[in-house]
Amino acid sequence: MPAADPADLLVWYDRHRRRLPWRAMPGERADPYRVWLSEIMLQQTTVQAVKPYFERFLTRFPDVESLAVAPQDAVMQAWAGLGYYSRARNLHACAQVVARDHGGRFPADETALRALPGIGAYTAAAIAAIAFGIPAAAVDGNVERVVSRLIALEEPLPAAKPHIREVTQAMVPQARSGDFAQAMMDLGATICTPRRPACALCPWMVACVARREGLQESFPRKAKKAPRQIRYGAAFVAERADGAILLRTRPSSGLLGGMAEVPGSDWRADYPLSQAILDAPCEARWRRMPGIVRHVFTHFPLELTVFHARLDRQAGAPEGMRFTGADELADEALPSVMRKVLAHALPQFGAPADKGGGKREPASRKRSGKKDAVEK
DNA sequence: TATTCGTGGCC
DNA sequence: TGGCCAAGAAT
């Protein structure tokens, strides 16, 4: 059996590489700031989702310095909707460390990169290889899939990671290590896909053990994951006479850390609706909105009952909360789940987030099959 | 080593 | 329709 030759992958890459906003032209040096920013955004996030955020970030924060001196609120607002918000906090912290301790330049060293906030083993290797040409092995989910198929690795993930890393490191070429890293990811994203891989188009088809046995779709082996339990809660949309909405900021760590939200209850496995009125942020004529808001986080699904109340113009915000004008809601760091809540309570707020979900039709909502809201 | 941490798209 | 998946990191 022929071994997988990195040169064959690079030949394939030169012909089929994806053109992405953060990539340099062939033969040109990639900008470390762009590489870093894109790598952080791409952690567990699809290319399609990242593209508009990447462009917006570059416009608002053209370089490390501008990001370092920006208020944290501005960074969280620009990140709102992308998810995994600790990335945004670490991104900001990392920019400040680079500005203060490294003269505004990313270190051209894998170990030094690894020490920066938000940069783990994969991202350090990716930046080292792509931005600085260091022969580092950037092992992400794509590479794990490609390599585990290539050698038909029976050991399940994540235990197999060290082994996969060794095999990958041994293949990294001294020249073009950045292209090799990106080629591996392009191969995983376009050919060696999780389902129905296009083996006939793969430069490593002949070398691939899993393919030879017709078992490519069964790799990588994976340990089974823990079951998720649904949680319930209440959310309160207080609308002042001038249209302003009562908001607060979540604690800086943990779920949706540092993001804005409407006041609400804890999210628990058991939440009797009779409890809701006790969790309201203030006294008012709370009205329960028909239906519920559903949202799915990585480790649990959530169902929120939404309450709405109108407050008069003089109403003051309770301790630790604030009113935000209707026309300023878009400037708040509201995560998607809160945009759903606002859209549910305020017809004028429109569709949640900025995605292609399109218009909701409250009147024609079906009884079942709704992801975001169902009657109850 | 195992959890925690978002979101949207896909079949 | 629900589970899986996407350029992982921090704890």
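Residues numbered from 1 in each chain as written. Chains lettered and ligands numbered in written order. Predicted model: local features only at pLDDT ≥ 70, side-chain atom pairs only at ≥ 80, totals over all residues. Heavy atoms only, no water.

Across its 16 residues, helix H6 (residues 86-101) extends 22 Å between first and last C-alpha, which sits within 8% of the 22 Å expected from 1.5 Å per residue. By the burial criterion, the buried members of H6 are Arg87, Ala88, Leu91, His92, Cys94, Ala95, Val97 and Val98. Residues of H6 that are buried in the fold lie against helix H2 (32-41), helix H3 (47-60), helix H4 (64-69) and helix H5 (72-79). In the stretch just after H6, Gly103 is the one whose phi turns positive, near 60 degrees. (Helix = DSSP H or I, 4+ residues; strand = E, 2+ residues; numbered from the N terminus. Expected span 1.5 Å × (residues − 1). Buried < 20%, exposed > 50% of the residue type's maximum accessible area, 1.4 Å probe, protein only. Contact = heavy atoms within 4.5 Å.)

Before going further, it helps to spend a moment on empty space enclosed by the protein. Going through the model one piece at a time under the given rule, you end up with one cavity of 30 Å³ or more. Volume-wise, the largest cavity comes out at about 120 Å³. Contributing to the lining of the largest cavity are 14 residues, with Arg149, Cys192, Cys199, Cys202 and Cys208 lying nearest its centre. Here the lining of the largest cavity takes three residues from helix H9 (residues 141-150), the largest share from any one element. (1 Å grid on protein atoms, 1.4 Å probe; cavity = no way out; pocket = protein on both sides within 12 Å on 5 of 7 lines; lining within 4 Å. Points joined across faces, edges and corners; volume = space filled by probe spheres on them.)

Time to look at the pattern of salt bridges. Within the structure shown, the criterion is met by 13 salt bridges. Between Arg18 and Asp186 there is a salt bridge; the shortest N-O distance is 2.8 Å. Of this pair, Arg18 sits in the loop between helix H1 (6-16) and H2 while Asp186 sits in helix H11 (residues 177-190); the two residues are 168 residues apart in sequence, bridging distant segments of the chain. Accessibility expressed as a relative area gives 23% for Arg18, which makes it partly exposed. Residue class for Asp186 comes out buried when judged on its relative accessible area of 0%. Close ionic contact of Arg322 with Glu332 constitutes a salt bridge, the shortest N to O distance being 2.9 Å. (Salt bridge = Lys/Arg side-chain N within 4 Å of Asp/Glu carboxyl O.)

Moving on, we come to the pairing of strand S2 (residues 245-249). In terms of strand pairing, S2 meets strand S7 (residues 321-324) through four bridges, oriented antiparallel. Counterpart to Leu247 in the pairing with S7 is Arg322. The sheet contact formed by S2 and strand S3 (residues 260-261) spans two bridges and is antiparallel. If you follow Arg248 over to S3, its bridge partner there is Glu261. (Pairing = 2+ DSSP bridges.)

The next subject is the nonpolar core. Generally speaking, soluble globular proteins have nonpolar side chains that are buried together. If you look at the biggest cluster of nonpolar residues, it comprises 76 residues, and the most contacted ones within it are Trp36 and Phe57. Among the domains, domain 1 (6-218) and domain 2 (231-364) are the pair contributing at least three residues each to this core. Among residues more than four places away in sequence, those in contact with Trp36 are Leu67, Leu91, Cys94, Ala95, Phe106, Ile119 and Ile127. Counting residues in each nonpolar core, the second largest holds 31 residues, with Ala4, Ala152, Met171 and Met184 among its members. (Core = buried A, V, L, I, M, F, W, Y, C linked by side-chain atoms within 4.5 Å. Domains from an automatic or database assignment.)

Moving on: the protein's contact with DNA strand B. Residues in contact with DNA strand B amount to 20 residues; listed here are only the nearest, Leu256, His295, Val296, Thr298 and Ser336. In this structure, a base nitrogen belonging to DNA strand B sits 3.0 Å away from a side-chain N or O atom of Thr45. At a separation of 2.8 Å, a phosphate oxygen of DNA strand B approaches a polar side-chain atom of His295. Of all the secondary-structure elements, those providing two or more residues to the surface near DNA strand B are strand S5 (293-296) and helix H14 (336-345). Of the residues in the surface near DNA strand B, the class split is ten nonpolar, nine polar and one charged. (Near = heavy atom within 4 Å. Polar contact = N/O pair within 3.5 Å; in protein donor to acceptor, adjacent residues only side chain to side chain. Nonpolar A, V, L, I, M, F, W, Y, C, P; charged D, E, K, R; others polar.)

Our next topic: the domain arrangement of chain A. The domain boundaries assigned to chain A delineate domain 1 (6-218) and domain 2 (231-364). With centres defined by C-alpha atoms, the gap from domain 1 to domain 2 works out at 35 Å. Among the residues domain 1 hides against domain 2, the three largest losses belong to Gln77, Tyr85 and Arg89. Together they make up 49% of the total. Counting the contacts that link domain 1 with domain 2 gives zero salt bridges. Across the domain 1-domain 2 interface, the total number found is four residue pairs in polar contact (both at pLDDT 80 or more). Elements supplying a minimum of two residues to the side of domain 1 that touches domain 2: H3 and H5. (Buried area = accessible area lost by both parts, 1.4 Å probe.)

Attention now goes to unusual backbone geometry. The step from Leu157 to Pro158 runs through a cis peptide bond, and the omega angle for that step is 0 degrees. Relative to the elements of secondary structure, Pro158 occurs in the loop between H9 and helix H10 (161-171). Each neighbour pair has its own omega, and for Phe219 with Pro220 the value is -5 degrees, a cis peptide bond. Tracing the backbone through its elements, the reader meets Pro220 in the loop between helix H12 (209-212) and strand S1 (231-240). Although it is not a glycine, Tyr84 sits at a positive phi angle of roughly 45 degrees. Looking at the element boundaries, Tyr84 is found in the loop between H5 and H6. The class of Tyr84 is partly exposed, set by a relative accessible area of 41%. Its identity as a non-glycine residue notwithstanding, Ala152 has a phi of 50 degrees, on the positive side. Taking the relative accessible area as the measure of exposure, Ala152 reaches 15% and is therefore buried.

Let us now look at the UniProt feature "domain: HhH-GPD" (unreviewed entry) in chain A. Residues annotated by UniProt as "domain: HhH-GPD" (unreviewed entry) correspond here to residues 41-190. Within the segment residues 41-190, helix and strand shares are 65% and 0% respectively, and the terminal C-alpha atoms sit 19 Å apart. (UniProt positions renumbered as here; feature names shortened; annotations may be inferred.)

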